[in-house]
Every structure is written in C-alpha cells, then in structure tokens.
Amino acid sequence: MELHALTIHAARAALQSGDLTSVTLTESLLNRIYAVDNQIRAYLSVTPEVALEQAEEADRRRAAGDTSPLLGIPFALKDVICTEGLTTTCGSRILHNYIPPYDATAYRRLREAGAILLGKTNMDEFAMGSSTENSAFFTTRNPWDLERVPGGSSGGSAAAVAADEAIFGIGTDTGGSIRQPAALVGIVGLRPTYGRVSRFGLVAYGSSLDQIGPLTKDVTDAALVLGALAGHDPLDSTSLPTPVPNYETALRSDIRGLRVAVPKEYFVEGMEPGVERAVRDAIQVLAGLGAEVGEVSLPHTEYALPTYYIIAPAEASANLARYDGVRYGHSAANPSDIWDLFRTTRDEGFGAEVKRRIMLGTYALSAGYYDAYYRKAQQTRTLIKRDFDQVFTHYDVVVCPTSPSVAFPIGARVDNPLQMYLADIFTLSLNLAGLCGMSIPCGFSEGLPVGLQFMGPPLGEPALLRAAYAYEQATPWHTMKASLPLDVTSSELNETDEAEIG
Amino acid sequence: MDYEIVIGLECHVQLLTQSKMFCGCATDYDGAPPNTRVCPVCLGLPGALPVINRKAVEYTVITGLALHCQIAEFAKFDRKNYHYPDLAKGYQISQYDLPLTRQGWLDVEVEGQTKRVGITRVHLEEDTAKNTHLGETSLVDYNRAGVPLMEIVTEPDLRSPEEARVFASNLRRILRWIGVSTGDMEAGALRVDANISVRPQGQAKFGTKTEIKNMNSFRAVKLALEYEAQRQIDVLEHGGRIVQETRGWVEGEGRTVSQRSKEFAHDYRYFPEPDLPPLVLSSTEVERLRAQLPELPEARAERLMARYGLSQYDAGVLTGSRAVADYYEAAVAAHGNGKAVANWVSGEMFRLLRGATLEIEAVPVSPQALAELLRLVDDGTIGISVAKTVLEEMFATGQRAGEIVRAKGLTQISDQDQLRQVAADIIAANPKAVADYRGGKPTAVKFLVGQVMRATRGQANPTVASEILEQLLNESNGRQPS
C-alpha cells in the first residue's frame, strides 16, 4: 500500500517499528498533494516547510522515547481554525490575508499529540454551506466524481482524506458540516458533543452549535483523533470539565444488546431510494450483529431546519460583525467615512450566502421580531432536545441516514438556497440538541458513497464508536477508495472514469 | 407655569480588578502606550472567546449589596449589537434582562431632607476602546477595551440637579468605601449620564426626556442639568416640543448640544451570549460576600454620633471616606475623647492635608501620634496654639509631638512666679489697655493676655496668664478681684 493511503493506526505501527520516519511519510503526503490536488482542490494553502519541520521534530521526539498518539501523522486542517503565523481565511475574501497571532486550542492539542500540519483546507465561506461552492476561492471536487461536490462545509478536509492527500482531516460541524461531507466522499466523520472539544481559536459561525471533530479513513482513527482533541479548556467557558475517556477501549466488535433506535421521521419521501436501501441494509447488519433495533419517533424533527436557520444566522449576525475593515482582513479603499468603510468592506468581503444569513439573523433578532423568531426558535430547540432525551432513556444510539442524497453535481443547487439547506436535513437536529454523532460509509448508490449516521446522547461518543466500529468490521465499505484520473501514473489505469466501485 | 424636574441617572463605573472583564490583560492602562494592554480576546480577533472575571462579578454583587439590591440567583450575559470602531467584536457583552442585581436604593440628603432614590439595577459589562480623532484620521487604542464596567441605573426619582449631584457624590463615596472603584470622574472611572425631563407641577405623566452625557465632574452634573432643565422649560414655554435625543454637555460653553445622529438610532438586538454559561449565584456565596461588606458610611456616621456625641455635620465629614473614618476611630482609640479628636481631624488635619494636596491615606501623622499630641494639650504641657504649631511640624517632618516640644522648648509656662513677672512688664508697657480696663472695659484684659502670649512665644498658659493679669490689675487698683 502507498504510504499516503495509510490509516493513522497503520502509519503509527510503521513509525513505532522504525520501518518509517515521519519525514518520509510527510514527503509522501506532500507528493500526493502535488500529484492530485490540482484535480481535487482540497487545500487553500499547503505548508510544506512547516510540515517537514514538524516531521523532523516528530522523528526527534520519537527517538527520544515519545509515544504520543498522533506522533508524526500528517493531517489537513480546515481553514476556519487559527494557526499562528499561517493564513486563516475561513474561505472568505474578507479574511483572505488574515494571519492569526495565536493557535487554536484544538490545533495546539493536535501538535502536542505529535500531528503534522500539511496545510489548510477549503470550505464554504465561514462554514456556511453544504458543498464548498460558497468558498470565495474555488470549489473542491468529490474524489468519486470530479463533477460533483464533496459536501460541506468541511468539504476540503473530507476530500483531502478521501483522496489520500492527508492521513486524517479536521473539520467543524455546526449543522452537519463534518458528517455530511464525510458521507458524500465515503469516509468517517465524527462530530463530538457540544463542549467536548475547545472552540477557542475556531472562528465562530454559530457559537452554540459549532464543534470541531475528525474526518478519518476508519472508525479507529476517529477514536484516536477524538482522544487528542477532547478535553476541558479554561479558555472556552462552554467546554466541558468531564474527564476524557479512553475512546480506543470502545472499539469492540461485539454489539450484542446495544439498543439502536431508528427514527421514522428520518426516512422521508424525497430521499434517494439508493440511500434508503443502503441505510436499511446497514440496519439489518446491525441487527444481525446482535443489536436490539427498535423504531422510535422524534416528533419535532420537521422543525429542526427552520429552527436552525433562525438560531445559527442570529448568532452569525453578531459573530461576523467584527469584520469591519478596521483592524485586520479586507478593508475598503478610500472610504468616505467610517460608515462607508464598514459598508463597503463588508459588501466587498462577504459572499452572497454569508450576507443572506447575516440578514436572516439580524431580522430574527430585531425589535418586534425577536419573540416571533429567535425566542420561538429557542423554545423549539428545547422541544427537539426533549425528543432525543426521551429516546436516549431507552436507547444507546440512534441510527439513520446522514444525507438524503449522494453527492450532487457542482452547480445543481447554487441557485436554490432552500434545496441546498435540505442537504443537512438529517444532521441539524443533533447540533440543536447538543448531541454527538458520526457518519460512516455504508455502501454506494449510483456509484457514489452513502453515509450511515449514528447519534448519541451528550458525551455518548463511546457508544457511537462501539456501534460504528462493529458495523465497520462487518462490512467492506471503509476499504474502498475512489480512483482518481491522475492515479494513472501509479496504477497504470487508462480509464478516465474510475469512480464506480462497489 | 411651575415645572417639576425629573431625573434618572445611568452611572458607568470601572472596577478596580487587576485584569480585564473577559481576558487576562492588565487594567493598568493609564499612561501606558496605546495598544499595549491587548490580546486576541479584547481585540475581538476571530476565534477568541471570553472568560468571566470572577472578581468583577464579586465586586458587582458587593456593590449591589451596598445599594440594598436583590442579588440574582441566576444571571446571564447578553450581546448588545452595534457597529463602532471602539467596539472590537461589533457587539458589547453586557447584561440585558437578567442582571446580577436589581431593585435597591440609596439615600440622599438635600437641604436637610432625606430622600430615598431607587436603584433599578446594577449590571456588569465591558468597557470600549478609546478613539482619538486627528483631522482626517482616527486612531483607536484598545487598552481600555474589555475593562470591567458596572452600570448602575436609578429610577427617575431625582427632582433637582442638586439631588442628582448629591446622589452621584454619595454613590462615589460608597464605591470608594467598598473598594470597588476609584470613582475618579476626570479619569473616566465614574461616568454619570442623566435622563432628564420636565413636566408641569401636578402632571402625572412624564415629559419627553433627553439624555445628557459628558458631565465630567459633580459640578458639571449640577450645571448641565440646571441648564438642560431650563432649556426644556424655555422650549415648552414657547410652545415647542422636546425632542427625545442625546445631548452632550460642553463645559467651556456652559450648555448642552444635540449629539443626535441617525447612526445612533439603535436597535441593539440583544440576545443571550452563547459563549458564556449563565451565572448561578448560590446563597452561600452571596452571604460570604455580604459578610465581607464593611460597615457602610450612613451606618458608620450614625454610630459615630451615638458613640462619641458627634454632630451630624461632623459625623458626615468624618465618614467622607472609609480611610478618614478609620483614621478618626484609630485616633479616638488611642486618645479617648471622641469630640476632641473630631475637632482636630476635621479642623487642623484636614487643613494641612488640603494645603499639601494629600489624601488621608498618605498622611504623615499616625492616629497614635495625633493622640500623643492631644495628651500633651490635655495635661497642660502645651497650649492649643502651640499644639497647632507642633502639628504642622509633625506633618512636615514626621517627628513625634514630644520630641518637637522638647527640642524647641515649647513646654507651656504655668508657673505663677514666672508669669507674674511677665504680666507686670506687660501692664507697665501698655498703659492704654490698663486704663481701658480700669475705665470699665473688662475685655481689655484679652489684649493683655495676647501680649503675654506673644512675649512668651505662645508658651504661657493663657488661663493662668489671664488670672494673674486680672489679679495684678485689681491689686494695684485697690480693689478685690470680683
């Protein structure tokens, strides 16, 4: 197997045995990026000097006896997480030149665990979107079909992992932005419980919904990365003080007696039949492994989308107010006065979707509308959370599709925001309820990956990992990789369309 | 027509914490180079998150307790949204519907009448940066951004500019007393804004109010509100209407001017700050803070009056600050006579402090040293006028009273024989005064006592000198002393 195709745990074994150095591994990943990223366009910036310097340091650390869990493993970081001295754009023109003076806690933790930064990945502007088409710079391609989106907003990190341009990726999930792209490119994406991973240094979109998490090639890797990311941070007052368990111990293939809930509201008219088939088959697999599967109802599911599109934009309207051209980032040239500076900077700096959400949020918070929109949405949010509380008194995990469709063609939804918003219809509720969840590959429909979603109660990551690991061990999906046109050099294939596997 | 003035105040108070409201930056920005007390949090950089300053919460609760407020069991922070270059995040973290404390009161006394002024709320927020405008350019200094700021809002209970001035002054005394703020108005540590309206006497409905800002001293509060009340009355008398607006006090011109601009017509779109968990204050915690609360100025003044027989005026002066009251009580403890000590502290000591522009905290004469001086007066070693000179010397050099008296030979002369000789000389040298005395003006003896004091450089015991003089004058007159 090519070095760039390794999982974390495989690479770690090779590094630990002395068969591989981090420098060699990192060079392999950088070469892979140079070979395929002009097709995939996963990265906004690649930082080879930083990567090689960190790799050399990792090799020295290992020589000195360091056995940190991610030591020497190269990864891709979504460009919404601050890195000291390295451009952090959030996929936005307004921050195209922004270089943070500090590291996000999540990045610092990954570095302490020994991980190697390859570069910063593309995303929908300020994490608002489901396809990376809202990036101010370019659209990332789905490795399974370059004419299709990789999902979003963490589409860059997801595509980088799927195309072996990183051993693992880091994304953020405000309404599904880790799980949905993971599903669409056929990898594992885990969104931790709200508060499990520090948000300090994560550029805020929806502060009460945002959470950082891993995008990996398999469930074991997800557990390893989560272990490095998770933990209390005194710099984030919403981070949870609860001690971090050893997530690797949850990786057991025996799920006999695990109580699995199937919510009927997540199998709706309009979802693609191939997706439903793959998910139904997956549930049969779980039952076959000894899980106790039962159907449940989450009656307020239909309100999740409108609730999300009040609360997230409301928070965003305040979070994005600081981009005014005064201190950093894009600043309008020759403004007539301060108000003109604000207006023109923001008009030039923000894309259409960001402006749309700022306006939605501003409206929802305005005098005379607050009660009808923001307050009502908060009340509905409580009801949605209660639905889940109810289910989790009887079940360990909920299982359902991650996305109602497979990856859609680039451009197919850009003119229809509502159609785009529906891409996250199965993932939004979890964020509103503050739960944890993950998406893992569960087959293909029309040659494109389908994701299976597990949702767990707050701090229920071990149950998620257990269910996902057992399913993964019983199925072949996680071993399947897209063949890229540029792989011809290495795989000797002449066909240009090698996307269909499965 | 007679008008009634209605005033409510909004006071912003910088708290005396070491670090800022939501980050670890120092608050000692006074005199610091611009933008040297900043970090990602108070600069509002992307990704930075606030962490609540515990001390600032405690100070706010203590202030609430001192103002007889109810302390919330459950409080939260909210975002107040507006754009301005001095506001790094585009919103200010403040408290909207669930402040830390609410519903208290503070008494003010004006012209002998005590009035209870309602406190609507005391809440916590963050200060903004400071803008400096240089012609075409504006500069922003974020050193002040994020300094803990307490907002104290009163009910519209004040009925005159003088009441407003006294309220502000009393409030400052309390803030300094409990040690939560310097209360320095010129440095901006205490900023008093007022809402003011007028209405015809007897009318129940409030008139349209204006908000007055930029009053940088207690005197400015009074002058600005007097001006504004009269301005409003003039407008109404001429058939005009009051426009609800913000007006700034222009100290140099002695008037308020409209600061109204449409950019300031705000809908702040408050909503709960999602980056901060709600504050839950246990009753144990509140009681712990209540126990730390010092005896407050009004209560202390009452006690001083009851215990030492002080007048209300003296008790007020001696509770002007906690340090003065502490000094006074320490001196009384060392000396014993509350009234005598009160006279010396509020008289001579205050005069010397004013002359040296010192606060009592920096006084070079300890309460024990003052007590020693007074004991020298009590036992007749020195007289009052010498004692005043000795106090000046103590103030200037830090020496003890006994040392000064010994070194300068200032011991009072009460010796009969010694004084008799001096008195005889004075009588001989002042025939006119002697004649006046004998001609039926007994007060002329006071002049002669003064001459004796002068001749003895103040060391003569004036009572003894007076007795001897009268004795000598009457003896040589052939009459018995009356």
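Treat the numbers as computed from the prediction; the structure is a model and nothing was measured. (Residues numbered from 1 in each chain as written. Chains lettered and ligands numbered in written order. Predicted model: local features only at pLDDT ≥ 70, side-chain atom pairs only at ≥ 80, totals over all residues. Heavy atoms only, no water.)

A.B. asks: Looking at this structure, I do not really get the overall build of chain A. What am I missing?
C.D. replies: Counting secondary structure elements, chain A contains 16 helices and 11 strands. Against the globule reference of 23 Å for 502 residues, chain A gives a C-alpha radius of gyration of 21 Å, in line with a compact fold. Expressed along its principal axes, the backbone C-alpha trace of chain A runs to roughly 65 × 50 × 50 Å. Out of the 502 residues in chain A, the part that is buried amounts to 64%. Here the analysis covers contacts within chain A between residues at least 6 apart in sequence; of these, 76% occur between residues at least 24 apart. (Helix = DSSP H or I, 4+ residues; strand = E, 2+ residues; numbered from the N terminus. Rg over C-alpha atoms; globule rule 2.2 N^0.38 Å. Buried < 20%, exposed > 50% of the residue type's maximum accessible area, 1.4 Å probe, protein only. Contact = heavy atoms within 4.5 Å.)

A.B. asks: I'm lost on empty space enclosed by the protein in this one. Help?
C.D. replies: To find leftover empty space, one rolls a probe the size of a water molecule over the atoms. Residues and elements named next belong to chain B. Inspection of every chain in the model, using the stated rule, returns six cavities of 30 Å³ or more. Put simply, the largest cavity is a space of about 90 Å³. Considering the residues around the largest cavity, the lining is formed by 15 residues, among which Phe22, Val41, Pro50, Lys89 and Ile93 are closest to the centre. (1 Å grid on protein atoms, 1.4 Å probe; cavity = no way out; pocket = protein on both sides within 12 Å on 5 of 7 lines; lining within 4 Å. Points joined across faces, edges and corners; volume = space filled by probe spheres on them.)

A.B. asks: Just to check I follow, could you spell out the nonpolar core for this structure?
C.D. replies: The biggest cluster of nonpolar side chains holds 234 residues, and the ones touching the most others in it are A:Leu70, A:Phe126, A:Met438 and A:Phe454. At 10 residues, the largest contribution of residues to this core is made by helix 9 (residues 304-319) of chain A. B:Leu318, B:Tyr327, B:Ala387 and B:Leu391 belong to the second-largest nonpolar core, a separate cluster that totals 37 residues. (Core = buried A, V, L, I, M, F, W, Y, C linked by side-chain atoms within 4.5 Å.)

A.B. asks: Help me understand the interface of chain B and chain A, please; the structure alone is not making it clear to me.
C.D. replies: In this assembly, 32 residues from chain B lie in contact with 38 residues from chain A. Note on chain B versus chain A: buried area summed over both sides is about 2800 Å², and carbon and sulfur give 62% of it. Broken down residue by residue, the surface that chain B buries against chain A is led by B:Pro46, B:Leu49 and B:His83, which jointly contribute 23%. Close ionic contact of A:Arg199 with B:Asp275 constitutes a salt bridge, the shortest N to O distance being 3.0 Å. Our count for the contact surface shared by chain B and chain A stands at 14 residue pairs in polar contact (both at pLDDT 80 or more). Where the side of chain B that touches chain A is concerned, the elements lending two or more residues are strand 4 (78-81) and strand 15 (271-272) of chain B. Taken together, the residues of the side of chain B that touches chain A break down into 21 nonpolar, five polar and six charged. (Buried area = accessible area lost by both parts, 1.4 Å probe. Salt bridge = Lys/Arg side-chain N within 4 Å of Asp/Glu carboxyl O. Polar contact = N/O pair within 3.5 Å; in protein donor to acceptor, adjacent residues only side chain to side chain. Nonpolar A, V, L, I, M, F, W, Y, C, P; charged D, E, K, R; others polar.)

A.B. asks: Is there a simple way to explain the environment of A:Thr105 in this structure?
C.D. replies: All names here are of chain A. Tracing the sequence through the fold places Thr105 in helix 4 (residues 105-112). Excluding its chain neighbours within four sequence positions, the residues that come into contact with Thr105 are Ser198, Phe200 and Asp233. Only 2.6 Å separates the side chain of Thr105 from the side chain of Asp233, close enough to count as a polar contact.

A.B. asks: Teacher, can you tell me more about the pattern of salt bridges here?
C.D. replies: Taken as a whole and judged by the stated rule, the model has 53 salt bridges over all chains. Here A:Glu353 makes a salt bridge to A:Arg356, at a shortest N to O gap of 2.3 Å. A residue pair is termed a helical-turn pair when its members lie 3 or 4 positions apart in one helix, as A:Glu353 and A:Arg356 do in helix 11 (residues 352-365) at three residues. For A:Glu353, a relative accessible area of 9% corresponds to the buried category. Close ionic contact of B:Asp97 with B:Lys76 constitutes a salt bridge, the shortest N to O distance being 2.7 Å. In this pair, B:Asp97 sits in the loop between strand 5 (91-94) and strand 6 (101-110) while B:Lys76 sits in the loop between strand 3 (74-75) and strand 4, placing the two residues 21 residues apart along the sequence. We classify B:Lys76 as buried; its relative accessible area is 14%.

A.B. asks: Just checking my understanding: could you explain a nonpolar patch on the surface for this structure?
C.D. replies: Residues and elements named next belong to chain A. Together, Tyr363, Tyr369 and Tyr373 make up a nonpolar patch on the protein surface, roughly 290 Å² of accessible area in all. Residue position: Tyr373 is located in helix 12 (residues 371-392). Overall, the relative accessible area of 34% leaves Tyr373 in the partly exposed class. (Patch = residues over 30% accessible without salt bridge, like charges linked within 9 Å, V, L, I, M, F, W, Y side chains within 5 Å. Areas by Shrake-Rupley, 256 points an atom, 1.4 Å probe, with all protein chains shown as cover.)

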